[in-house]
Every structure is written in C-alpha cells, then in structure tokens.
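# Structure at a glance
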Amino acid sequence: MIPKVSLDNIDLSFPDASRPDGRKVIYEDFSLQIEKGSFTVLLGPSGCGKSTLLNIINGLLKPNTARGIVIDGTDLRSEPDLSRQMAYVFQGPRLLRWKTLAENAEFGLRGLGVQPREKWRDLIDKYFRAVGLGDAQHLYPHQVSGGMRQRASIVRAWVNEPQILLMDEPFSHLDEITAAEMRRILTNLWTSEEERRTIVFVTHDISEAAQLATDIIMLTPAPSKICLRRKVDLPWPRRMDSDEVIAVEKELRHAFAERAGIGF
Amino acid sequence: MLNAAPVVVGIGLWWTITTFVLVQPRLFPPPQDVLAELLRILSNDGPLGPTYAHAGATLLRLLTAWSIAFVIGTLLGVLAGRRRLVFDFMANPVWIAMSVPSVVWVFILLVLFGIENIVPVSALVLLLTAPVFLGTAEGVRAISKDLLEMCDSYHVRGWQRLTGFYLPSIASYMVANARVSFAYGIRIVLIAEVIGLPNGVGILVAYWSDTLFMAPIVAWGILLTAVGMAVDLLVFGPLQRRIRQESELSR
C-alpha cells in the first residue's frame, strides 16, 4: 500500500471539567494510514473524533503530540502548504449567501490558489455540468434547494482538482432520496477520472459506508481506536440494495456490535 | 400622514407660544422668522460671506472625517473582532475617546495644532472612529464559526478574506455604523467649528449667538437636521433595507 496520508502516534485531548482528571481524551497513540486513490470511509459513533481526524489531516487542528502527520512522505507541520492539495466538503454547504454558486466555487479557487486563473472558467463550467448544475451556477444559494447547495459545495472543492478530498458527513442533513442522488453523483465523478483522487469520507451511516467505500476504517467511541479495517472490492456503480452491498452492511453492523460495543 | 402630525402640532405650538406668550422675536423667533432666515441662507446670503461656502466647508470636513473614521474604525474593528487581544488593547482608548466630551477634545487639539482645519477633522475622527470600531467588532464576532472554518480550510486570507468575506458578512453592521456615525458627526462638527475655525456653519452660528439673534441659529439647526434626514432616507435607509431583505431571503 502506498500511503497518501499517514498519521503516526497522535495524542489529542481537550479540557473537560466534568471528568475526574479534567480532560477528555480523543486519541491516545493513534495511528492511521490512508491509501492513495482510495475512497476511505471513517465510520464510527458520534463524538468518537471522526471529524477531528479530518481537521488534523487538513492542518486546521494541531494534536497535543504527534510523531508524524505525513502527506505524500512530507510532514504537514514542516510544509503547511501541503494542505492546499486538499479540499473540504462540510456537513452543511457553507456557501456565502452574497455570492452565486459559481462565485462560491471561484472563492475556493482563489483561496487555495492551485489552479491557474485562466482555467477557472472552464473548470467551473465543467464541474457544475458534471453535477447537473450547469444552468444553475449563476443563481444565489437561497434560490436553489438544499441538495443543489450541497452539490455546489462539492463543486467548490472539486474545481481545485485536489489530491485529497475531505468530506465530513456531507449528506447527513439531506433527505434519503436526495442523499442517494448525491452519492450517485459523487461516485460518478470520482470513478470517471483516470487517476482517482483520495477521498476521506466521514459518516456514521453504515449503509452509506458499505455503498461508497473502497476502504472502511471503523472507530470505537473515544478514546478512539481502530476496531476494524476492511477493503470493499465491489464494482462501480454500486446499488445500495444490491446483495453484495447489503452483505457488507450486515458485516459492518455485526462488527460494530462486537468490536465497538454498539448494538442494533 | 401620521408621521407629519407631530411636526404640524409642534409648529402650531411654537407659533402660539412665540406669538402670544414669549413675544421677543430676537430671542424666541416665531416660525415665519425662521422660515425667512432659511430662505436667506438658501439664497446664499450671510453676514460672513456666501453661506454656501461656509456650508461647503463644513460638509467637506464632515465627509473627510467621517470617511477616515469609517475606514479606520472598520479595519480596527475587524481585527479586534477576530483577536481578543486587540479588542482588549483597544477597549480603554475607545471608551476614553467616546466618553471625553467633544469640546474637551477640540480644546486639546487646538492647543496642539492651532486654528487649523486639522482640529475639527481630527476631533471628529477621534469621536466617530470609536462607535464604528465597536459596531464592527461586534459584527465580526457574530460571524458563524462554520463559515470561518470554511475560509480557513480554503486558505482564504488577507485581502480576499477582508473584502470577500468579512465585509460582506458584516454589511448590515457597517450600514448601521455609517448611519450612527454620520448623525453623530453632524452634531459635533459645529461644536468643533464654533471653537476653532475661521469658517464653516459653526462660525455663523457663533456669530448669531454673539449678536443674540436666534432665528438664523434655529434655521441652521433645521437645515442640518434636514440634511441628516435626507442622507439617512435616501442613502442609508434603502441600503439597510436591501441588505436586510437579502439576508432574510437567504435564511
């Protein structure tokens, strides 16, 4: 395996007055490798620190101690600009209401500054078309539906053509039909590219994990440990109701109950 | 119609009192005397040269000082809204600037600079920067943490962060700051001029006060109020309504 991201021996805790020792430990000597070009799903219960991991990978959050936060063989702490290779899709769209969907995408392009300016227009057109928003890119966020806003936030990330895409429960607040459509759009986009990007996707939805992942990393409640690591070698496109996906889902539920101590 | 009713009643009372009770037109001018003075001012006629030149000088000072105060107050406010240390550092000077009476500031600056344009302008800048600073800092603190995190993750910094994110985020606070500081400026620009300058509306008011003639003073008061209200109604009001509508639509 070629690790695209490697987190080595991470310790992270926060002050918490309600605990006897005054601290809540999230990670203790925690390590994780994420394979290049994989669709890695971090699966775990709420509060186990899944989103925190994305923030550590992105450099937005510094752990108390860490032997390494390594991207492509270089430590992020010595080369903070490595995080410009990453783009974030959040739980909510987090679009700026005074900018059109296209201007929001441009806002991300200008910020990360990895794409040459002369390519911006073509990239914006290309990816808005790819997610079915070709005609809606000039509308403002309040003029479109929640699903369209979230698609626009995916475009804001994707136009940067990032090497690593960090996605933090991006479909959790959408209704099931819209979420299913979003998963289809995302996997189409990802599988359509010759050299696949590395996606790190956080969810607590087991069905979603089974449908999307090439790699599943299951975490226990905090202090988090990896309790299961599993590859999912199923062909694309995948259907949520296919026997293979359902079998993976069942296995994950079983593992959750057995190893993370959470029953269903 | 309902808005105009108190004004009409007030003018009626004013006329009644100055015609039947306080019959001293020099000290208690009736409405028609004040109207005559208003027309005289508007016809560019005054005891110390053309009134438009004086009004222009006052307006120029006000606009210059207000613009400088708005820019400085907004920039410092953004900084203080993001960094607690800057806010704490600025808090005491801001309260001093706001609580020391404007007359005192004018005298201090007069001693420093002499009778110069810089005196009323810098006094106004000192006094107007403070409320703009506080309003802006409050606006920046109210920005959603989610959006700040989004900006951080996309490396949005410096000029882009200021003009593309902070300023649009606090647009409604900025209009409110502009409104309050402009109205405040109209009130204190005359005080500064009365004490320390050779021209401007303040000097005209001081002249009429020295000669115990109240009608022109009231006329200037009405004129300045009208200017303030016109700017508020035609510029700040519509701007604030538009921003509010956009913000409500996007909720």
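What you see is a predicted model; the values in this text were computed from it and never measured.

Moving on, we get to a nonpolar patch on the surface. A cluster of nonpolar side chains, namely Val9(B), Leu13(B), Trp15(B), Ile17(B), Phe20(B), Val21(B), Leu22(B), Leu27(B), Phe28(B) and Leu212(B), defines an oily patch on the protein surface of about 930 Å² accessible area. In this structure, Leu27(B) sits in the loop between α1 (4–21) and α2 (31–42).

The UniProt record annotates "domain: ABC transporter" (unreviewed entry) at residues 12–246 of chain A. Taken end to end, residues 12–246 of chain A is 31% helix and 23% strand, and its first and last C-alpha atoms sit 35 Å apart.

Here the focus is the packing of helix α3 (residues 51–82) of chain B against helix α6 (residues 118–141) of chain B. Residues and elements named next belong to chain B. Close contact between α3 and α6 brings their axes to 6 Å; oriented N to C, the two are set at 35 degrees. For the crossing formed where α3 meets α6, the hand is right-handed. Looking at the contact of α3 with α6, its residues break down into 19 nonpolar, seven polar and three charged.

Next up on the list: the pattern of salt bridges. Evaluation of the coordinates by the stated rule reveals 26 salt bridges over all chains. The shortest N-O distance in the salt bridge between Arg161(B) and Asp152(B) comes to 2.9 Å. Exposure remark for Arg161(B): the relative accessible area of 9% places this residue in the buried category. Residue classification places Asp152(B) among the partly exposed residues on the basis of a relative accessible area of 35%. Through salt bridges with shared partners, a single network forms among Glu35(A), Asp215(A), Arg229(A) and Lys231(A).

The interface of chain A with chain B comprises 24 residues on the first partner and 19 residues on the second. Both faces considered, chain A and chain B share a buried interface measuring about 1900 Å² in area, 62% of it formed by carbon and sulfur atoms. Broken down residue by residue, the surface that chain A buries against chain B is led by Arg94(A), Trp98(A) and Phe107(A), which jointly contribute 33%. In this structure, the connection of chain A to chain B is made through two salt bridges. Across the pair Asp146(B) and Arg94(A) runs a salt bridge whose closest N-O atoms are separated by 3.5 Å. Secondary-structure elements contributing two or more residues to the side of chain A that touches chain B are α1 (50–58), β6 (86–89), α2 (101–112) and α4 (146–158) of chain A. Tallying contributions element by element places α2(A) first for the side of chain A that touches chain B, with five residues.

Quick look at the sheet that holds strand β3 (residues 39–43) of chain A now. Adjacent strands of a sheet pair through backbone hydrogen bonds, lying either parallel or antiparallel. Residue and element names in this part refer to chain A. Here we have six strands laid out as an open sheet, ordered β6-β7-β8-β3-β9-β10, and mixed in their pairing. Of all the strands in the sheet, the pair left with one neighbour each is β6 and β10 (226–231). The sheet shows a mean angle of 15 degrees between the axes of neighbouring strands, direction not considered. The pairing of β3 with strand β8 (residues 198–203) spans five bridges and is classified as parallel. Residue pairing for β8: Val41 is matched across the bridge by Phe201. Across the sheet, α4 is in contact with β6, β7 (164–168) and β8; its angle to β6 comes to roughly 175 degrees.

Residue and element names in this part refer to chain B. UniProt records the feature "transmembrane region" (unreviewed entry) at residues 7–28, 59–81, 93–115, 121–140, 184–207 and 213–236, using the numbering of this structure. Between the first and last C-alpha atoms of residues 59–81 the distance is 31 Å; the span itself is 100% helix and 0% strand. Between the end C-alpha atoms of residues 121–140 the distance is 27 Å, and the span holds 100% helix and 0% strand.

Once that is clear, we can look at the sheet that holds strand β4 (residues 68–71) of chain A. Residues and elements named next belong to chain A. Spatially, four strands are ordered β2-β1-β4-β5 in an open sheet, and the strand pairing comes out antiparallel. Each of the sheet's edge strands pairs with one partner strand only, and the pair in question is β2 (23–35) and β5 (74–75). Sheet topology note: the strand β1 (residues 3–15)/β2 ladder contains nine bridges and is antiparallel. Looking at the pairing, Pro3 lines up with Glu35 of β2. Lying on the sheet, α1 is in contact with β1, β2 and β4; it crosses β1 at an angle near 120 degrees.

Here Ser169(B) is to be found in helix α8 (residues 158–169). According to the relative accessible area criterion, Ser169(B) is buried, its value standing at 16%. In this view, Ser169(B) contacts Arg97(A), Trp98(A) and Ile143(B); residues no more than four positions away in its chain are not counted.

Leu7(A), Phe128(A), Trp158(A), Ile199(A), Phe201(A), Leu252(A) and Phe165(B) are the most contacted members of the largest nonpolar core, which totals 135 residues. With nine residues, helix α9 (residues 171–196) of chain B is the single largest residue contributor to this core. Counting residues in hydrophobic clusters, the runner-up holds eight residues, among them Val94(B), Ala97(B), Ala130(B) and Phe133(B).

This brings us to the packing of aromatic side chains. The tally for this structure, following the rule as stated, stands at 16 aromatic pairs over all chains. On the basis of an interplanar angle of 40 degrees and a centroid distance of 6.4 Å, the ring pair of Trp98(A) and Phe165(B) is categorised as tilted. Remark: Phe165(B) occurs in helix α8 and Trp98(A) occurs in the loop between β6 and α2; the pair is interchain, linking two chains. Taking relative accessible area as the criterion, Phe165(B) reaches 0% and is therefore assigned buried. Centre to centre, the rings of Phe182(B) and Phe236(B) are 6.0 Å apart; their planes meet at 65 degrees, and the pair counts as edge-to-face. Taken together, the residues Phe182(B) in helix α9 and Phe236(B) in helix α11 (residues 214–249) connect sequence positions 54 residues apart. With relative accessibility at 6%, the residue Phe182(B) sits in the buried group. These aromatic residues form a ring-pair network of at least three members: Phe39(A), Phe171(A), Trp190(A), Phe201(A) and Trp236(A). Above the plane of the ring of Trp190(A) lies Arg196(A), whose end atom (NZ or CZ) is 4.9 Å from the centre.

Residues and elements named next belong to chain A. Running from amino to carboxyl end, α2 crosses helix α3 (residues 120–130) at an angle of 125 degrees, the nearest separation of the two axes being 10 Å. In terms of orientation, α2 and α3 fall into the oblique class. Where α2 crosses over α3, the two elements pack in a sense that is right-handed. Between α2, through Leu101, Ala102, Ala105, Glu106, Leu109 and Arg110, and α3, the contact on the second element is made entirely by Trp120, Ile124 and Phe128. For the contact of α2 with α3, a count of residues per class yields seven nonpolar, no polar and two charged.

Cut-off values and rules
- In this numbering scheme, every chain counts its residues from 1 along its sequence in written order.
- Written order decides the labels, with chains lettered from A and ligands numbered from 1.
- The model is predicted, so local features are restricted to residues of pLDDT at least 70 and side-chain atom pairs to those at 80 or more, both for listing and for counting; the totals for chains, interfaces and linings are taken over all residues.
- Where side-chain values are given, they derive from all heavy atoms of the structure, hydrogens and water being excluded.
- Note that patches include only residues with greater than 30% relative accessible area and no salt bridge, and the join distances are 9 Å for like charges and 5 Å for nonpolar side chains (Val, Leu, Ile, Met, Phe, Trp, Tyr).
- Only the protein chains shown count as cover for residues, and the accessible areas themselves come from Shrake-Rupley with a 1.4 Å probe.
- Salt bridge criterion: a side-chain nitrogen from Lys or Arg within 4 Å of a carboxyl oxygen from Asp or Glu.
- Secondary structure is summarised from DSSP: a helix means a run of H or I of at least four residues, a strand means a run of E of at least two, and numbering begins at the N terminus for each.
- UniProt positions are given in the numbering used here, feature names are shortened, and annotations may be inferred rather than shown by experiment.
- Lines fitted to the C-alpha atoms define the axes, with helices restricted to the stretch that makes contact. Angles between their N-to-C directions range from 0 to 180 degrees.
- Crossing handedness: left-handed means the near helix sits turned counterclockwise from the far one by under a right angle, and right-handed means the same turn made clockwise.
- Basically, the charged four are Asp, Glu, Lys and Arg, the nonpolar ten are Ala, Val, Leu, Ile, Met, Phe, Trp, Tyr, Cys and Pro, and anything else, Gly included, counts as polar.
- Working definition: with a 1.4 Å probe on protein chains only, accessible area under 20% of the residue-type maximum means buried, over 50% means exposed, and in between means partly exposed.
- Contacts between residues were defined by any pair of non-hydrogen atoms, one from each residue, lying within 4.5 Å.
- Take the accessible area each of two parts loses on contact, using a 1.4 Å probe, and add the two losses: that sum is the buried area.
- Following DSSP output, two strands are said to pair if at least two bridges run between them.
- The definition of a nonpolar core used throughout is a set of buried Ala, Val, Leu, Ile, Met, Phe, Trp, Tyr and Cys residues joined through side-chain atoms within 4.5 Å.
- Stacked, tilted and edge-to-face are the three classes assigned to paired rings of Phe, Tyr and Trp, where Trp is represented by its six-membered ring and a pair needs centres within 6.5 Å; plane angles under 30 degrees give stacked, over 60 edge-to-face, the rest tilted.
- Note on geometry: a ring has a charge over it if NZ (lysine) or CZ (arginine) is within 6 Å of the ring centre and within 35 degrees of the ring normal.
- Any angle that is under 35 degrees is reported as roughly parallel, and any over 145 degrees as roughly antiparallel; angles of 65 to 115 degrees are reported as roughly perpendicular and all others as oblique.

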